[in-house]
Amino acid sequence: MLESYVTPLLMSYVNRYIKNLKPSDLQLSLWGGDVVLSKLDLRLDVLEQELKLPFTFLSGHIHELRIHVPWTKLSSEAVVITINTMECILKLRDAATEDNESCTSSSTNQSTTESLKSASKPRRVQQAPSDPDLPPGYVQSLIRRVVNNVNIVVNNLILKYVEDDIVLSVNITSAESYTVDDLWDRAFMDIISPELVLRKVINFSDCTVCLDKRNASGKIEFYQDPLLYKCSFRTRLHFTYDNINAKIPAVIKVHTMVESLKLSVTDQQLPMFIRLMELGVALYYGEMGIHRDGDVEESGSLRESVPSLTVDGSDPSLAGQYFPNEVEDEGWVSWAWSFVPAIVSTGEENEGESDEYAESHESGTARPLRHSYKDPVVSVGFYCTKASVTFKLTESCSESSYYSPQKVKSREVLCVEQEGITVEALMMGEPFFDCQVGVVGCRAVCLKGVMGVRDFEENMNRKEEDAVFFRCGETLSVKGLTYLTNSLFDYRSPENNGVRAEFILDGNIHKETYTESAGLQRYGAFYMDYLYTMENSSNRVCVGPQDFAALRKDDPPRMQETSQKKIVIGPLDLQLHSSAVHRILKMAVCTLDHEYQPYCKPQPDVVEEHVSVGPETVSALEEFIPTRQTSVTLMRARITIPAAEYNLLHVLLPALLGQKVSTAQTSASRFQLLRPLPALQLQFERVTFEHSAPMYEEEVNRTASSLNQPSETLLHNCYTHCYLKVFELQAGLTVIDSEGVLHPLLPIIPSFSTALYGKQLCLPAYWGRQSSVALYECMFELPQVSVQLTRAQVMLLQCMYHSWMYAVEGGACSGISDALINHAYRPPGVKSVVSAPVLELCIQRVELKVCERPSLLCVSGTLGAVKVCARMPGVCEGQKEQLVSLVQGPSDTTDLHTSRWLSGSRKPASLLSPDLIQISLQLPQQERMPNPGFTVMLLIQ
C-alpha cells in the first residue's frame, strides 16, 4: 500500500515539531485523505536546538493545520499542507538563559537530543513492510515526486520580537510554496534526465512590519505607522542536481523580487530601528557571545565573515579549527538542508552507512557516500524595482479616548528614493563567499515642513525640483533592467534558457571581472563587492569536508584567507541647503534620543607576561598574513552649500551634544525665500579611501612583540593603515537663480590634488616594553594650492558663514543683497564693468609628518614656496594686468638694495629651488618623562 510509505514520511515531520499528538489518530486521518488539527503548540525546544539562533521562543501556536493527501492521484496531484494562523514570539537569548539551559540540558533535553539525532539522519521511506506488488524503483520514484511537489500554504503568519521596550511584529497575510515548470507556471514536476532541475516559487502577499514602543508594564501607549505596509514579493528557487541519485543539489539559486518597497520610519521608531540594525551587526560579527564554551561550532572554519569563531594562537595556521566534527555537525545545517528537496532513496542505506566510501566501477576511485559531499554552489539574490524610505515626525493626536491607547499623527519631512536595487550573494562552502550590492539611481527629497518651518508646504508654490537635494546615478528608463542580469527574473539568464549557469569561484578571476568600471556600468549610483576566499598552502581551494579530511592525515594545511571590500559611488550632486541640513540633523537628534546600552562593550587587552613563539610560527606569519582590505571610491561629485535661508542650528547642535533644549526654541516664525541665492560649491574628479587591517590582530601582535627585532613584514601588519587621495578638487562661488538653476562655477580655489596617509598600532598593550615602536604615524602631502579672492567675495563668504552660525533677525540671509552678489560673482567668460583687485595666495610643496612613540612625539614638515600677490586688471581695453608681489619665498635677494627689485616682476620659485621652511619638533611625553623637555629646529631659507 502507498500509505505504508507516504504516511510515516508526513507523520515524522508533524510529530517532530508539534506537541501532544496521537500517532494513531493522525495515521487514521491521513489514510482518510484529510487531516484537520486545531489549537496546536509547537515544540519550542526542538525549534531552538535545530535553528541554533541567538533567540529563544517565548511561545508558538498554530490555530489550525490541514493536510490533504490525494491518494487516488498521488502521482499527478500535489499534497497540500495548509497552516491557518501561526504565531510565534521571540526574544534575544541572554546569558542567564544560556546558563540555565547548559545546566539542565542533560536532564530535561535528553529525549529531545535523541530525537534530533535520529531525525538528522537521511530520510528513509522503508518504515513499513514492503509490498511485493510495488517494486522498489517505483516506490522511490513515487516518493520523490510526492516530496518535490508538496504545496505549503500559510495564512496569517505572525512573528513578534520583544527586547527592552521594542516590539517588532511581522504579519504576512498569506504565503504559498509550490512547484513550477520551466516557464515558472504552477505544475506537477519531477527531476528527470537530462536537465535534472527542480523549480519552485514562494509567493508572499501583504507583508506588514510594525515597530512599536512599550512601557514598563509591557503595554503599547502609542501606535506608530507601520515600517512596511502590505508589501508583496515573490521568490524563485532553482535546484540543479548532478545525477538522479544525488542527495543534495549541486547548484542552488534563491532569488526574490519586489516591485515596490515603501519603508516608513518615524522619529520615535528611528532609535529602535538603529538598535535592531546594531543587533544584526553584533550577531554577524559574533559580539554577542551566542555560543557557549562547551558547544562545538558547526562551521568549523575561520571564515572572516563569521568572526565569532575564536582563534587559538598557538599555531597561526589553526588547522585544527578547520575540521568539522562529523558527529556533532548537525543543527542549523541539517535544518537548512531539510528545505532543499532531497531525492529519497530506499536501497541499502543501512549497508552504505557502514562504509564511508564505495568504489566506483568505472574509475576505480573512492566515491564518498556520506559526510563527504562536495559543497554546493549557492546563489541568493534580492531585487527591487523601486524603493523609498520616508522619515516622519510625530505628534500626539488629541482625539484619542481615555481608555484606548493614545494615537499619534505623523508628518513626512524627508524621503530617499532608489531604483534598481540588487543584493546578490554567491558562496561555496567555507572557502568562497561573495556579496554584491548595487543601486541604479537614488535621490533624496524634502517633504512638507520641519520644526515649525513651512519651507515645502503646499502653499509655498515651490517646484518639485527644488525639493530634491541629492541625485546619484540614472533612472531605469535610461539604464534598463541591468540590475536583473543573470537572475531568475531575467529571461536571458541561463536557467531560463535551459543552460546550466557558470560561476566565477576563483578570487583572482573574480577581481579581474568585477572591476569598478564594470560595477558602475551595470548600476551607476552605488556598487559594493565583498569577497572572501580561503585557500590552503598548496594554492588549491578546499571545496568540502572531504578535502580537509584528506589533508588532515598528512601535514595540516596552512590556510590563506583574504577579505576585500570594494565600494564605488557614481557621479553625484548634493545641495546642502538649510532645509536639507536641518532635516538631516533632526534625524541625527532622534537617533541619539534613547537610553539603550551597547551590545558589546570593549574589553581591556589582556597581555601575557611571557610568550614563547616557535620559528615555524614566525615563518608562517611572514609568508602570509590574512588581512581585511576596504576601498571606497567616489567619482565626480559636486557638493553645493548655499547660504542658509533659515537657521535652527542653535537648537539642533546642543541636542546633538547631549544638552537640554527647551521646546519653546524649536519653532521658527517665518521662512524667507531668497533668490538669487549665493552658494559655495566643491567639485572633485575622484576621491579614494583605502583601509587595511590584519584579520587576526591579536595573533600577529602577540607574535611580533615577542621578538627582539621583528621583520618589516610582521611589523607592517601590526598596524591599521589608511590612505586618502583627492584628485582635482576645486572650490568656488555659484548662484541659484529664481528658476532653481545653478550658474557655472567661479573658481576661488583652482583644481589641486592632495594625499593623506596614517597608520595606528592595533594593540599597543603588547608593545609597552618597546619604546622604539611608533603608536601612530600620519603623513600629509600637498603639491600645490592657490586661493584667489576679491573683497566682495570675502564679504559674501562672511555673510554666508553668518547665515549658518547665527540666528539673524528678519531671516538668516538678511545681510546678503543683490548688489553684493553681482560684485562677488562674475560668470566665467563675462567681463565685469567694475574691475576689482584680486588677492592671490599660492603654496607649494607642503609635507607634514607626525609620529608618536610611547616616550616621544615627533613632528616634521617642509614648506616649499609661498607667494602672496595682488592682481589688478587693466583699466583700459588692451592694458595688461598689473601684478604686485607682497610676499614671495624663497626669492633671489641679490638686487634687494636697488629700486628695480621693488618694481620688477619675479618669476615663481623653481621646483628645484630649496624649501622655504623646514621644521623638526620633538616633545617627550609627560606621563613617561619626569622632567620633560623639548627640541625645536627651524630652518628658513
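Throughout this description, residue numbers start from 1 for each chain and increase along the sequence as written. Where local features are concerned, this predicted model is filtered to residues with pLDDT of at least 70; where side-chain atom pairs are given and counted, the filter is 80 or more; whole-chain, interface and lining totals use all residues. For the side-chain quantities, the full set of heavy atoms in the structure was used; hydrogens and water were omitted.

## With respect to the overall build of the protein
The line we're drawing: Helix and strand assignments come from DSSP, with helices taken as H or I runs of at least 4 residues and strands as E runs of at least 2, each series counted from the N terminus. Relative accessibility under 20% of the residue-type maximum defines a buried residue, over 50% an exposed one, and the middle range a partly exposed one, all with a 1.4 Å probe and only protein chains included. Contacts are assigned to residue pairs that have any heavy atoms within 4.5 Å of one another. Reported accessibility uses the Shrake-Rupley method at a 1.4 Å probe radius. Residues are deemed covered only where the shown protein chains occlude them.
Counting its regular elements, the protein contains 22 helices and 30 strands. The buried share among the 941 residues of the protein stands at 43%. Restricting to contacts in the protein with at least 6 residues of sequence separation, those with at least 24 account for 74%. Entry remark: accessible area of the protein is about 50100 Å², with carbon and sulfur atoms responsible for 55%.

## Considering unusual backbone geometry
Omega for the bond connecting Ser193 with Pro194 falls within 30 degrees of zero, at 0°, which places this linkage in the cis form. With respect to the helices and strands, the residue Pro194 is situated in the loop between strand E5 (166-180) and strand E6 (197-214). With phi around 55°, Met451 is a residue other than glycine that occupies positive phi space. Mapped onto the elements of the fold, Met451 is located in the loop between strand E15 (448-450) and strand E16 (453-456). One non-glycine residue, Glu728, lies in positive phi territory at about 55°. Residue Glu728 is classed as partly exposed on the basis of its relative accessible area, which comes to 46%.

## A look at the packing of aromatic side chains
Cut-off, in case you're wondering: In this analysis, rings of Phe, Tyr and Trp, with Trp reduced to its six-membered ring, are considered paired at centre separations within 6.5 Å, and the interplanar angle assigns stacked below 30 degrees, edge-to-face beyond 60, and tilted for intermediate values.
Counted under the stated rule, the structure contains five aromatic pairs. Summarising the aromatic geometry, the rings of Phe433 and Tyr530 are spaced 5.9 Å apart at their centres and angled 65° between planes, so their arrangement reads as edge-to-face. You can see Phe433 sitting in strand E14 (residues 432-446) and its partner Tyr530 sitting in strand E18 (residues 526-535), a full 97 residues away along the chain. The exposure class of Tyr530 is buried, given its relative accessible area of 7%. Between Tyr523 and Tyr527 the ring centres are 5.9 Å apart and the planes differ by 20°, which places this aromatic pair in the stacked class. The two residues Tyr523 and Tyr527 agree in class, both being buried.

## Some thoughts on helix H17 (residues 649-656)
Buried within H17 are the following residues: Leu649, Val651, Leu652 and Pro654. Just beyond H17, the residue with positive phi is Gly658, at close to 85°.

## Details of the side chain of Gln269
To keep it simple, the criterion reads: For the purposes of these results, a polar contact is taken to be a pair of N or O atoms within 3.5 Å, where, inside protein, one atom must be able to donate a hydrogen and its partner to accept one; residues adjacent in sequence count only when each atom of the pair is a side-chain atom.
Summarising the element assignment, Gln269 is placed in helix H7 (residues 269-284). Side-chain polar atoms of Gln269 contact the backbone oxygen of Leu211, separated by 2.9 Å. At a separation of 2.8 Å, a polar atom in the side chain of Gln269 contacts the main-chain carbonyl oxygen of Asp225. Those residues in contact with Gln269, other than ones at most four positions away along the chain, are Leu211, Gln224, Asp225, Leu227 and Ser264.

## Examining the state of the cysteines
Spelled out, the test is: Two cysteine sulfur atoms make up a disulfide if the distance between them is within 2.5 Å.
Within the structure shown, the criterion is met by zero disulfides. The closest cysteine sulfur to the non-disulfide-bonded Cys851 is located on Cys858, 5.7 Å from its own sulfur.

## Focus: the side chain of Asp455
Counting through the fold element by element, Asp455 comes out in strand E16. With relative accessibility at 0%, the residue Asp455 sits in the buried group.

## Quick notes on a nonpolar patch on the surface
Short version of the rule: Like-charged residues are merged into a patch within 9 Å and nonpolar side chains (Val, Leu, Ile, Met, Phe, Trp, Tyr) within 5 Å, provided each residue has over 30% relative accessible area and no salt bridge. We define a salt bridge as a side-chain nitrogen of Lys or Arg found within 4 Å of a carboxyl oxygen belonging to Asp or Glu.
There is a patch of nonpolar side chains on the surface, built from Leu839, Val884, Leu886 and Val887 and spanning about 360 Å² of accessible area. Counting residues per element, the nonpolar patch draws most heavily on strand E28 (residues 882-889), which supplies three residues. When you line up the elements, Val884 lands in strand E28.

## Quick word on the confidence of the model for the protein
As a reminder, the rule being used: pLDDT expresses, on a scale from 0 to 100, how confident the predictor is about each individual residue.
With 74% of its residues at a pLDDT of 70 or more, the protein has an overall mean of 79. Note on residues 102-132: pLDDT under 50 across the span, and 40 contacts to partners over four residues away in sequence or across chains. When the criterion is pLDDT under 50, residues 290-372 qualifies, and its contacts beyond four places in sequence or with other chains add up to 162 contacts.

## Topic: the pairing of strand E2 (residues 55-68)
To keep things clear, this is the line we draw: Any two strands are treated as partners once DSSP identifies two or more bridges connecting them.
The sheet contact formed by strand E1 (residues 34-41) and E2 spans seven bridges and is antiparallel. In the sheet register, Val35 faces E2, and the bridge partner there is Ile67. Sheet topology note: the E2/strand E3 (residues 80-92) ladder contains 12 bridges and is antiparallel. Within E3, the position partnered with Thr56 by the bridge is Lys91.

## Let's talk about the packing of helix H15 (residues 578-591) against H17
Keep this limit in mind: For helices, the axis comes from a line fit to the C-alpha atoms of the stretch in contact; other axes are also lines fit to C-alpha atoms, and the angle between any two N-to-C directions lies between 0 and 180 degrees. For classification purposes, angles smaller than 35 degrees are called roughly parallel, those larger than 145 roughly antiparallel, those between 65 and 115 roughly perpendicular, and all remaining angles oblique. In a left-handed crossing the near helix is turned counterclockwise from the far helix by less than a right angle, and in a right-handed crossing that turn is clockwise. Here the term charged refers only to Asp, Glu, Lys and Arg, the term nonpolar to Ala, Val, Leu, Ile, Met, Phe, Trp, Tyr, Cys and Pro, and the term polar to all other amino acids, Gly among them.
Closest axis-to-axis distance for the H15/H17 pair is 9 Å, and the angle between their directions is 30°. Overall, the two elements H15 and H17 adopt an arrangement that is roughly parallel. Like other packed secondary-structure pairs, H15 and H17 cross with a definite hand, here left-handed. Taken together, the residues of H17 that come into contact with H15 (itself represented by Val581, His582, Leu585, Lys586, Ala588 and Val589) are Leu649, Leu652, Ala655 and Leu656. Among the residues making up the contact of H15 with H17, the classes are represented as eight nonpolar, one polar and one charged.

## Description of the pairing of strand E25 (residues 776-789)
Bridge count between strand E24 (residues 746-761) and E25: six bridges; the pairing is antiparallel. Each residue of the ladder has a partner; that of Tyr757, found in E25, is Met779. Examined bridge by bridge, E25 and strand E26 (residues 838-853) share 13 bridges and lie antiparallel to one another. What sits directly across from Met779, in E26, is Lys849.

## Thoughts on the packing of H7 against H15
In contact at an axis separation of 7 Å, H7 and H15 are set at 70° when each is read in the N-to-C sense. Of the possible angle classes, the one that applies to H7 and H15 is roughly perpendicular. As H7 runs across H15, the sense of the crossing is right-handed. Along the contact surface, H7 presents Leu270, Pro271 and Ile274, while H15 presents Met587, Cys590 and Thr591. Residues of the contact of H7 with H15, tallied by class, amount to five nonpolar, one polar and no charged.

## Description of the environment of Gly614
Position of Gly614 among the secondary structure elements: in the loop between H15 and helix H16 (615-623). In this structure Gly614 comes out as partly exposed when scored by relative accessible area, which is 31%. Remark: the alpha-carbon pair of Gly614 and Thr703, spanning 89 residues in sequence, is separated by 9.3 Å.

## Description of the pattern of salt bridges
Scanning all chains against the criterion turns up 25 salt bridges. In this structure, Glu424 engages Arg522 in a salt bridge whose closest nitrogen and oxygen atoms are separated by 3.4 Å. Placement of Glu424 in strand E13 (residues 408-428) and of Arg522 in helix H13 (residues 516-522) is noted, with a sequence separation of 98 residues between them. Looking at Arg522, the relative accessible area reads 17%, which means it is buried. Here Lys463 makes a salt bridge to Glu739, at a shortest N to O gap of 2.7 Å. In this pair, Lys463 sits in the loop between E16 and helix H10 (464-467) while Glu739 sits in the loop between strand E23 (719-736) and E24, placing the two residues 276 residues apart along the sequence.

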